[in-house]
Amino acid sequence: MEQAKTIQLTIDRHAVEVAPGTTLLEAARTIGINIPTLCHIDLKGTCVQNKPASCRLCVVEVEGRRNLAPACATNCTPGMVVHTNSARVIRARKTVAELILSDHPNDCLTCPKCSDCELQRLVMRLNIRQMPFNGGEQSQRKNELTVAIKRNMDKCIYCRRCESICNNVQSVGVLSAIRRGFDTTIAPTFDKMFTDTNCTYCGQCVAVCPVGALTERDYTDQLLDDITNPDKVVIAQPAPAVRYALGEEFGMTPGTIVTGKLATALRDLGFDYVFDTDFAADLTIMEEGAEILDRLQKFLGGDKTVKLPITTSCCPAWVNFYEHEFPDLLDYPSTAKSPAQMFGAIAKTYWAEKMGIPREKLVVVSIMPCLAKKYECGREEFKVDGNPDVDYSISTRELARLIKRANINFPNLPDGDFDSPLGESSGAGAIFGVTGGVMEAALRTVYEVYTGKTLPRINFEQVRGLDGIREATIDLNGFELKVCVAHTLSNARILMDKLRRGELNYHVVEVMACPGGCIGGAGQPYHHGNIDILQARFNAVYAEDEGKPIRKSHENPDIKRLYDEFLGKPLGEKSHHLLHTHYHDKSIH
Amino acid sequence: MAKEIKLQCNVVEQIEAICDKHGNKPGELINILHEAQSLHGYLPEEMQRIIARKLGIPASKVYGVVTFYSFFTMTPKGKHPISVCLGTACYVRGSEPLLEEIKRILNIEVGETTPDGKFSLDCLRCVGACGLAPVVMIGEQVYGRLQPQEIRKILEDVAAS
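Counting starts from 1 at the beginning of each chain's written sequence and moves along it residue by residue. Each chain takes a letter, starting from A, and each ligand takes a number, starting from 1, following the order in which they are written. Reporting of local features is limited, given that this is a predicted model, to residues whose pLDDT is at least 70; pairs of side-chain atoms are given and counted only at 80 or more, and all residues count toward the totals for whole chains, interfaces and linings. To get the side-chain values, take all heavy atoms of the structure and skip hydrogens and water.

As a further point, take the domain arrangement of chain B. Domains are outlined according to an automatic or database domain assignment. Each assigned domain of chain B is listed with its residue range as follows: domain 1 (9-68) and domain 2 (80-160). Put simply, the middle of domain 1 of chain B and the middle of domain 2 of chain B, counted by C-alpha atoms, are 28 Å apart.

Pasting the structure below:
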């Protein structure tokens with residue numbers, strides 16, 4: 001029998017036509033009916049999904065069916081007549097929400113998730129003005145404050161989104177439901193602290209948590225103290241991806257590029273100098289590009305011991321991941337530090353010397369779309385006599401909160417510039433914030449240095465996109481350079497397992513832990529499962545790149561000057577000391 | 001939580017053999033845990049990590065299953081695990097006085113093990129022998145229609161066996 005191409009049904013008296021396999025929740029969305037849910041998440045086009053049908057808030061009435069049906073887990077069938085707003089549905093939905101509230105802490109006013117909490121929004125939407133059920137509180141749930149992530153499991157509503165992300169999207173497998181019934185909680189392996197597990201601090205559990213159970217550790221009070229301390233010189237370095245998302249926190253359209261306003265806001269907040277991590281992204285390309293060329297030349301010269309593919313090393317969650325899971329392959333990643341750490345190392349040497357500022361007076365603060373960067377700041381490899389190169393890192397969200405606290409009218413700010421000399425950047429630096437961006441930036445430089453020719457076309461569309469794993473072959477004067485790009489750690493694991501089996505036939509591999517790369521980072525404004533937001537940021541990245549007069553890292557004049565005045569040459573002695581790192585076996589046996 | 005004791009090599013091999021026997025299939029996790037526990041008496045962290053590695057699943061998942069089912073335990077059991085049935089039939093026919101008597105004689109609470117490692121005490125709901133209520137199991141042996149005054153003799157006999 002031929003399969004019907006479409007299914008026709010009725011939702012709230014509207015005729016709807018959908019493809020077979022569409023759920024009632026999705027079908028309703030096609031006609032603008034947004035059925036509430038707390039557990040369901042589906043970032044279309046990425047592997048981010050959670051469909052456990054556990055919260056029961058999306059129940060709807062289907063004519064001819066005795067029980068209410070969960071819209072997220074019920075497929076459309078021909079002729080179905082569905083009511084998403086009957087009195088029965090509205091009452092049932094309200095009761096479900098009231099039961100969720102029965103053991104939920106009542107501290108919304110001071111909760112870090114206040115105004116961004118999906119449960120809070122739902123309670124408002126369902127017009128719940130009383131709490132009829134007062135449930136017990138159980139004491140077995142643990143709270144924890146790590147350098148990056150804050151856990152307050154009393155607020156957990158068991159949507160299991162964090163668990164799905166940690167296991168299915170990141171394949172890290174730290175979070176799991178434990179115990180049963182009222183004692184159930186979502187906990188790291190063996191109910192330990194995150195710090196005692198192989199958590200990578202990617203923070204994607206935070207990015208999808210609908211409530212305040214998982215949030216970031218906030219460093220904004222510390223930053224205010226430092227800014228107001230006259231003995232400190234505080235300098236800012238915002239990451240590429242911040243400028244494509246920060247505007248959302250102020251009601252601006254997703255995808256609005258706010259680079260100029262960002263620079264002004266940082267100055268208004270009282271930072272003494274406002275530089276740019278994009279500059280350090282260009283620097284990363286100089287070092288990593290040189291490393292790629294070095295390994296390639298050895299390989300082509302017949303050296304069989306050279307480790308290929310070389311993998312990128314700018315994503316701190318990815319670094320944690322391979323230190324935990326692939327300690328036998330630590331020779332493969334590039335030794336180049338992340339842009340943020342390169343910036344810190346240069347700021348506290350080259351720039352500090354130039355300005356005559358002693359290291360201990362300097363406070364370098366990175367503004368990152370990321371939570372793993374908070375962990376990265378504390379790594380011993382990135383400290384000199386206990387003083388970190390980057391003192392601490394705040395997320396895009398934290399910066400937004402700081403701007404709001406300081407009465408800065410962000411959307412109306414005039415555009416400002418970054419300070420020199422660590423503020424100038426190319427389009428190659430700008431695209432670091434998206435999956436495939438580091439690869440494309442590296443290719444622009446590697447191609448020109450290797451071939452000695454000017455690129456006929458600057459864009460490498462082959463490595464762009466949101467597919468989990470993408471590969472491309474680049475012609476370098478007859479040599480076929482094979483590259484691969486992956487985002488999310490489950491996709492990275494597929495590549496690393498192949499590498500372990502000796503079946504990974506690429507020369508260069510880029511990995512970003514978060515879906516979409518840094519634009520989907522755990523420190524970004526919450527996307528609440530809306531892929532359009534991620535797509536808008538994605539488009540903004542390439543628009544920013546197109547608008548830059550210089551689009552190749554090696555053509556950035558400030559980078560050239562840095563090498564002339566201070567570093568010498570890429571992979572030189574000074575670079576090796578300041579801009580490169582090493583990795584450790586951190587596996588848990 | 002019990003102190004982590006390094007598993008002996010032969011135990012590691014036995015656990016791995018159990019996993020192999022079940023084809024190292026994640027779907028066999030509960031059967032594997034069952035056999036591992038009957039072999040070793042309990043499921044310490046290290047054992048769960050071995051099973052997780054063999055099946056290619058996160059240790060957190062194994063721990064999730066172990067803590068979900070009350071049958072599985074992470075505390076060492078005695079040589080002779082005692083299970084007192086507190087199911088409806090046994091309860092109305094007097095299993096609670098039996099439990100109290102066992103606790104008094106062994107001087108342990110439910111979920112604990114005697115210091116000499118001989119006995120551990122647990123409760124369960126129905127062993128499917130309601131006709132023999134009240135029922136106590138010691139190891140694989142079922143004792144039916146028990147009276148509290150019979151307990152001491154039985155425990156002494158089992159301890160001497």
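What follows picks up the thread again.
All names here are of chain A. The principal kink in helix H10 (residues 339-355), of about 40 degrees, is found at Ala347. Three labels apply to residues, based on accessible area from a 1.4 Å probe with only protein chains included: buried if under 20% of the type maximum, exposed if over 50%, partly exposed otherwise in between. Secondary structure is summarised from DSSP: a helix means a run of H or I of at least four residues, a strand means a run of E of at least two, and numbering begins at the N terminus for each. Among the 17 residues in H10, 14 count as buried, and that is most of the element. Following H10 by one or two positions, Gly356 has its phi on the positive side, about 65 degrees. Note on bend: at a given residue it equals the angle between the axes fitted to the 7 residues ending there and to the 7 starting there.

The next subject is the side chain of A:Arg537. Residue and element names in this part refer to chain A. With respect to the helices and strands, Arg537 occurs in helix H16 (residues 531-546). Polar contacts, as used here, are pairs of N or O atoms within 3.5 Å; protein pairs need one atom able to donate a hydrogen and one able to accept it. Residues neighboring in sequence count only if both atoms are side-chain atoms. At a separation of 2.6 Å, a polar atom in the side chain of Arg537 contacts the main-chain carbonyl oxygen of Ile519. Residue contacts follow a heavy-atom distance rule, with two residues in contact if any of their heavy atoms lie within 4.5 Å. Setting aside residues no more than four positions away along its own chain, Arg537 makes contact with Tyr244, Ala245, Glu248, Gly255, Ile519, Gly520, Gln524 and Pro525.

Residue and element names in this part refer to chain B. Relative to the helices and strands, Glu16 is located in helix H1 (residues 9-21). It is 40 Å that separates the C-alpha atoms of Glu16 and Glu100, two residues lying 84 residues apart in sequence. The residues touching Glu16, leaving out its near neighbours within four places in the chain, are Ile50, Arg53 and Lys54.

Before going further, it helps to examine the packing of aromatic side chains. Residues and elements named next belong to chain A. Pairs were defined over the aromatic rings of Phe, Tyr and Trp, the Trp ring being its six-membered one, requiring ring centres within 6.5 Å. Orientation was assigned from the angle between planes: stacked under 30 degrees, edge-to-face over 60, tilted for the rest. By the definition in use, this model includes 18 aromatic pairs over all chains. For the cation-ring pair, Lys113 lies above Tyr526, with the distance from its terminal atom to the ring centre recorded as 4.3 Å. Either the NZ atom of lysine or the CZ atom of arginine qualifies as a charge over a ring when it sits within 6 Å of the ring centre and within 35 degrees of the ring normal. We note Lys574 situated over the ring of Phe566; from NZ or CZ to the ring centre the distance is 4.3 Å.

With that settled, the discussion passes to helix H2 (residues 87-101) of chain A. Residue and element names in this part refer to chain A. In a regular helix each residue adds 1.5 Å, so 15 residues correspond to 21 Å; H2 covers 21 Å between its end C-alpha atoms and thus fits that length. The set of residues buried in H2 consists of Val89, Arg93, Val96, Ala97, Glu98, Ile100 and Leu101. Buried positions along H2 lie against strand E5 (59-62), strand E7 (81-83) and helix H3 (118-125). To estimate how far a helix should extend, the number of its residues minus one is multiplied by 1.5 Å.

Right, let's talk about the interface of chain A and chain B for a bit. Contacts between the two partners involve 16 residues from chain A and, on the opposite side, 14 residues from chain B. Once two parts are put together, the accessible area they lose, assessed with a 1.4 Å probe and summed over both, is termed the buried area. Here chain A packs against chain B, burying approximately 1200 Å² in sum over the two surfaces, 58% of which is carbon and sulfur. The largest share of the area that chain A buries against chain B comes from A:Arg179, A:Arg180 and A:Phe190, three residues that together contribute 49% of it. With its nearest N and O atoms 2.4 Å apart, the salt bridge here joins B:Lys61 to A:Glu163. For the interface between chain A and chain B, the tally reads 6 residue pairs in polar contact (both at pLDDT 80 or more). Looking at the side of chain A that touches chain B, the elements with two or more residues in it are helix H4 (161-169) and strand E10 (175-178) of chain A. Here the side of chain A that touches chain B is composed, by residue class, of 6 nonpolar, 5 polar and 5 charged. Here a salt bridge means any side-chain nitrogen of Lys or Arg lying within 4 Å of a carboxyl oxygen belonging to Asp or Glu. Any residue outside Ala, Val, Leu, Ile, Met, Phe, Trp, Tyr, Cys, Pro, Asp, Glu, Lys and Arg is labelled polar, Gly included; the first ten of those are nonpolar and the last four are charged.

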